[in-house]
Amino acid sequence: MKGNSFSKRNRIAYLYILPWLIGIVVFSVYPFFISFYYSLCDYNPLSEHVFIGFGNYVKLFTKDPEFYKSLKATLLYTVYTVPCKLLMSLAIALMLNKARKGIGVLRTVYYLPSLFGGSIAVAVLWKIMFIDNGMVNGWLNFFGIPNVSFLGDPKMALPTLSLLEVWQFGSSMVMFLAALKQVPNSLYESAKMDGANSIRRFFTITIPGISPIIFFCIIMQTLNAIQNFTSAFVVTKGGPLQSTYMLGVKLYNDGFKLLKMGYASATSWIIFSIVTLFTVLLFTSSKYWVFYNDEK
Amino acid sequence: MKSWKKAWALILSMVMVISLVAGCGSSQSPTPTGPATETPTEAPTETPAPTTTESTSAGDEKITLRFSWWGGDARHEATLAVIDAFMKKYPNIKIEPEYGAQDGYNDKKTTEFSTKTAPDIFQIETGAGPEYAKMGVLYNLSALKSINFDKFDANFIKVNGQFGTGNQYAIPTGVAGSALIVNKTLADKIGIDLTQQYDWEKLIEWGEQVQAYDPELYLLSVNTGNGVAFFIRTYTRQLNGVPMIDDAKKTLNMTEEQFTEIFDLIDRLYKSKTCAPAAYKAPYHPNKDQEDPNWINGKYVASVGYTSNVQVLMEANPNVEYIAGCMPLLPDRKSDGWVNNCPQFMGIYAETKHPEEAALFLDFFFNTEEAAKLLGTVRSVPPTAFAQKIVAEDGSLHKMTAEAVERSLSYSGFDDGGLTTSAEATKILEEAYEAVSYGSMTPAEAAKDVVEKLNSFLATQ
């Protein structure tokens with residue numbers, strides 16, 4: 001090799017990654033930049049686009065009350081889902097971290113919902129389960145509780161959608177499970193000998209030990225929540241009374257129903273800005289609460 | 001080490017974020033259906049031109065056309081059978097079917113138009129027809145020699161598919177209209193006669209009668225989607241005799257007071273529980289009462305919808321007797337307001353490379369006995385007299401569908417089309433309808449909101 005950075009061996013390596021490289025440039029990088037340009041245009045895909053500067057952004061912030069409803073729904077959804085999913089996955093991971101008979105089966109069962117991912121089929125299933133005559137109300141009625149309009153009541157629709165997201169906690173759970181295995185047993189034993197009870201051991205050993213994974217899960221779940229589209233679109237179409245009209249649904253409706261691609265692109269850049277802001281804040285705060293094993 | 005890890009994590013996060021934004025704005029990426037199929041031979045492809053005359057249907061050139069539609073299983077099976085029959089007759093033309101549910105169909109089409117990947121032949125939602133014609137995505141069928149419209153009633157096809165241009169841009173797939181499908185067994189028990197003409201106020205009187213009989217029953221099953229068409233647009237036409245929006249002047253034909261009058265009626269319909277609660281109906285798709293357990297269990301006296309839904313609604317609860325009910329009229333109306341048009345259109349994509357072959361298929365689809373027999377009434381009552389005769393003779397014409405169409409045709413209504421049924425105007429009306437039906441806006445507030453938003457929309461047209 002001797003410093004020849006473009007040797008035959010390297011060229012072959014580049015060839016191997018070329019398909020991915022082409023894919024990311026064509027389907028991600030180019031649309032990423034062109035969408036910013038479109039966000040500065042009055043752009044109907046069936047006609048020529050006209051450059052209007054920051055007109056779409058000004059309209060979004062000053063003349064579109066729907067935008068604020070969408071923003072509120074998106075942020076509320078994020079606030080509902082991220083902590084709940086995190087706690088749920090950690091709690092189940094702690095439970096499954098103990099050696100017992102049939103633990104492998106239990107782990108698989110708890111992971112199953114995540115195998116379905118954010119699929120249309122799961123969203124349709126959720127809808128069927130939570131409609132007024134659905135299975136969940138059937139259970140409630142069985143225990144003498146009157147029907148709850150999970151999808152028709154504007155106050156209930158967003159929490160119901162959040163529940164769908166929280167239910168799919170399997171991926172985070174698996175990561176927590178792996179992280180828990182990495183925490184040295186010797187630390188627990190020493191703490192036990194020093195008289196630390198289980199709660200203290202959890203907060204002073206377990207949580208710091210798995211903090212990099214908590215950090216990663218918070219980032220990933222926040223990104224997913226802010227981008228949510230499928231459940232809001234399939235289960236409630238953004239309703240009722242726009243209570244689940246998340247930014248992803250607004251973006252879709254503006255772009256593909258009303259053909260305002262420039263306006264939709266501006267919305268997507270606002271989503272991007274929000275996500276970036278959250279990410280930067282989390283990274284900035286991480287130095288105070290995330291601990292890496294290799295830190296000196 | 002720590003900072004190196006963080007830098008990588010930040011970069012990876014950014015890549016994921018980029019993938020979010022990348023999903024929007026580009027019209028360059030191909031849609032999953034792929035581009036329009038080209039001919040595998042060396043024959044030059046034709047560009048859309050109104051004077052195209054060379055049909056290659058009888059030649060050796062192999063041609064592939066894409067054809068998309070939406071519907072249920074019965075419609076899919078019948079349409080696929082017609083495609084097979086056509087391909088047997090014209091072995092050099094291959095039809096690739098693309099079919100599914102109606103949900104999202106229109107959105108997919110507009111995306112395909114923007115990426116120039118729309119199918120050669122496609123079914124069109126009735127309300128979207130004029131908008132598509134305005135977009136310039138429909139081929140001028142009058143310029144094609146491979147299809148003729150002799151079997152259609154001249155006035156019917158002029159009103160349905162020419163969009164005021166004098167040229168045929170789309171073909172109506174059947175005869176259809178608004179319908180009130182009545183559970184006669186239940187109506188008789190409560191003592192309601194929907195076979196006699198009545199006015200809008202009578203609906204509320206009957207609604208209260210139904211509630212007094214049993215609070216779990218409702219006179220009407222309607223949700224936001226079809227409520228806008230049934231109550232707002234129809235009432236508008238009855239009030240003024242014209243569509244809500246004047247397309248030529250880009251102005252509203254309605255006053256705020258008139259909108260208040262309509263929203264007041266809607267408000268009273270829901271407060272009196274004449275209509276099933278909005279919160280209950282919200283998760284159900286418009287025109288799909290067959291999925292609503294209340295309909296299946298016979299808890300609605302009538303379902304608001306279209307003649308094309310009759311058969312499926314009856315099959316959802318076959319234990320009761322049905323009739324096509326009369327629909328409400330204003331005593332001092334300027335028009336009956338009720339729509340008699342077609343359930344869908346068929347059209348040819350303006351950018352197709354094979355307009356004559358596509359027209360040949362549509363000619364086979366609409367003008368041959370073989371296709372008429374195969375299609376039966378899967379798209380409501382057929383649009384031509386000869387096909388109607390065939391389905392009447394072979395017994396496939398659904399009796400209640402025919403009755404509902406007849407009832408609908410007894411009203412001298414017209415279709416709005418144009419800006420009145422555009423996606424943005426519809427969204428504005430749906431939001432207001434929903435707000436009033438939930439009681440989160442007063443009729444006056446909803447009227448003010450609608451006028452402001454519609455005027456704002458018209459200012460951009």
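Quick caveat, the model's predicted, so the values are computed rather than measured.

Thresholds applied
Residues numbered from 1 in each chain as written. Chains lettered and ligands numbered in written order. Predicted model: local features only at pLDDT ≥ 70, side-chain atom pairs only at ≥ 80, totals over all residues. Helix = DSSP H or I, 4+ residues; strand = E, 2+ residues; numbered from the N terminus. Buried ≥ 20, exposed ≤ 12 C-beta atoms within 10 Å, placed from the backbone. Core = buried A, V, L, I, M, F, W, Y, C linked by C-beta atoms within 7 Å. Domains from an automatic or database assignment. Contact = placed C-beta atoms within 7 Å. Pairing = 2+ DSSP bridges. Axes fitted to C-alpha atoms, helices over the stretch in contact; angles between N-to-C directions. Parallel < 35°, antiparallel > 145°, perpendicular 65-115°, else oblique. Left-handed = near helix turned anticlockwise from the far one by under 90°. Nonpolar A, V, L, I, M, F, W, Y, C, P; charged D, E, K, R; others polar. pLDDT = per-residue confidence, 0-100.

Draft legend 1. View of the overall build of chain A. Across its full length, chain A carries 13 helices and 2 strands. Summarising its shape, the C-alpha atoms of chain A cover approximately 80 × 75 × 35 Å along the three principal directions.

Draft legend 2. Up close: the overall build of chain B. The helix and strand tally for chain B stands at 18 helices and 12 strands. Put simply, chain B has 461 residues, and 48% of those count as buried.

Draft legend 3. Just the nonpolar core, in detail. Membership of the largest hydrophobic core comes to 184 residues, with the highest contact counts inside it found for B:Phe361 and B:Leu362. With 10 residues, the single largest contributor to this core is helix 13 (residues 261-289) of chain A. Residue contributions to this core reach at least three from each of two domains, namely domain 1 (63-169 + 344-378) and domain 2 (176-340 + 410-459) of chain B. With residues up to four places along the chain from it excluded, the contact list for B:Phe361 reads B:Leu65, B:Phe86, B:Ile95 and B:Ile121.

Draft legend 4. Structural view of the pairing of strand 9 (residues 300-306) of chain B. Residues and elements named next belong to chain B. Of all 7 residues that make up strand 9, 7 are buried, and the element is covered over most of its length. Two strands pair when backbone bridges link them, and strand 5 (residues 176-183) and strand 9 are joined in this way by 5 bridges, in the antiparallel orientation. Counted as the bridge partner of Leu 180 is Val 304 from strand 9. The pairing of strand 6 (residues 218-221) with strand 9 spans 3 bridges and is classified as parallel. Its bridge partner being in strand 9, Ser 221 is matched across the sheet by Ser 303.

Draft legend 5. The arrangement of the packing of helix 3 (residues 65-96) of chain A against helix 7 (residues 154-167) of chain A in detail. Residues and elements named next belong to chain A. Orientation of helix 3 relative to helix 7, taken along the N-to-C sense of each, is 40°, at an axis distance of 9 Å. By the criterion of interaxial angle, the relationship of helix 3 to helix 7 is oblique. Where helix 3 crosses over helix 7, the two elements pack in a sense that is right-handed. Across from Ala 73, Leu 76, Tyr 77, Tyr 80, Thr 81, Cys 84, Lys 85 and Met 88 in helix 3, the residues of helix 7 making contact are Leu 158, Pro 159, Leu 161, Ser 162, Glu 165 and Val 166.

Draft legend 6. Representation of the domain arrangement of chain B within the structure. Residues and elements named next belong to chain B. Partitioning chain B into structural domains gives domain 1 (63-169 + 344-378) and domain 2 (176-340 + 410-459). With 5 residues of domain 1 in contact, the opposing surface of domain 2 contributes 5 residues. Residues that form the side of domain 1 that touches domain 2 fall into these classes: 2 nonpolar, 2 polar and 1 charged.

Draft legend 7. Geometry of the environment of B:Cys275. Residue and element names in this part refer to chain B. Inspection of the secondary structure assignment puts Cys 275 in the loop between helix 9 (256-271) and helix 10 (278-281). Here the alpha-carbon distance between Cys 275 and Ala 392, two residues 117 residues apart in the chain, equals 35 Å. Contact partners of Cys 275, with chain neighbours within four places excluded, come to Tyr 218, Leu 220, Val 222, Leu 269 and Tyr 270.

Draft legend 8. Quick peek at the sheet that holds strand 2 (residues 93-100) of chain B. Residue and element names in this part refer to chain B. What the 5 strands build is an open sheet, ordered 2-1-3-12-4; its pairing is mixed. For this open sheet the edge positions go to strand 2 and strand 4 (171-172), each flanked by a neighbour on one side alone. Sheet analysis places strand 1 (residues 63-70) next to strand 2, joined by 8 bridges and oriented parallel. Bridge pairing in strand 2 links Ile 63 to Ile 93.

Draft legend 9. Expanded view of unusual backbone geometry. Cis peptide bonds are those with omega within 30 degrees of zero, and the linkage from A:Gly239 to A:Pro240 qualifies with -10°. With respect to the helices, strands and loops of the structure, A:Pro240 is situated in the loop between helix 11 (230-236) and helix 12 (247-257). Backbone geometry places A:Gln242, a non-glycine residue, at a positive phi of 60°. As for its placement among the helices and strands, A:Gln242 is situated in the loop between helix 11 and helix 12. C-beta crowding within 10 Å serves as the criterion here: with 23 such atoms nearby, A:Gln242 is assigned to the buried category. With a phi angle near 55°, B:Lys250 is a residue other than glycine that sits in the positive phi range. With respect to the helices and strands, the residue B:Lys250 is situated in the loop between strand 7 (245-246) and strand 8 (251-252).

Draft legend 10. Examining helix 12 of chain A more closely. For helix 12 of chain A, the tally of buried residues reaches 10 of 11 residues, placing the bulk of the element in the interior. For helix 12 of chain A, every residue scored as buried is listed here: A:Leu247, A:Gly248, A:Val249, A:Lys250, A:Leu251, A:Tyr252, A:Asn253, A:Asp254, A:Gly255 and A:Phe256. Against the buried residues of helix 12 of chain A lie helix 3, helix 11 and helix 13 of chain A together with helix 3 (105-114) of chain B. Backbone geometry just after helix 12 of chain A places A:Leu259 at a positive phi near 55°.

Draft legend 11. Representation of the confidence of the model for chain B. Residue and element names in this part refer to chain B. For chain B, the average pLDDT comes to 85, and 87% of its residues sit at 70 or higher. In this model, residues 15-58 is a region of pLDDT below 50 whose contacts with residues beyond four sequence positions or in other chains number 102 contacts. Per the prediction output, this complex has pTM 0.81; the corresponding ipTM is 0.83.

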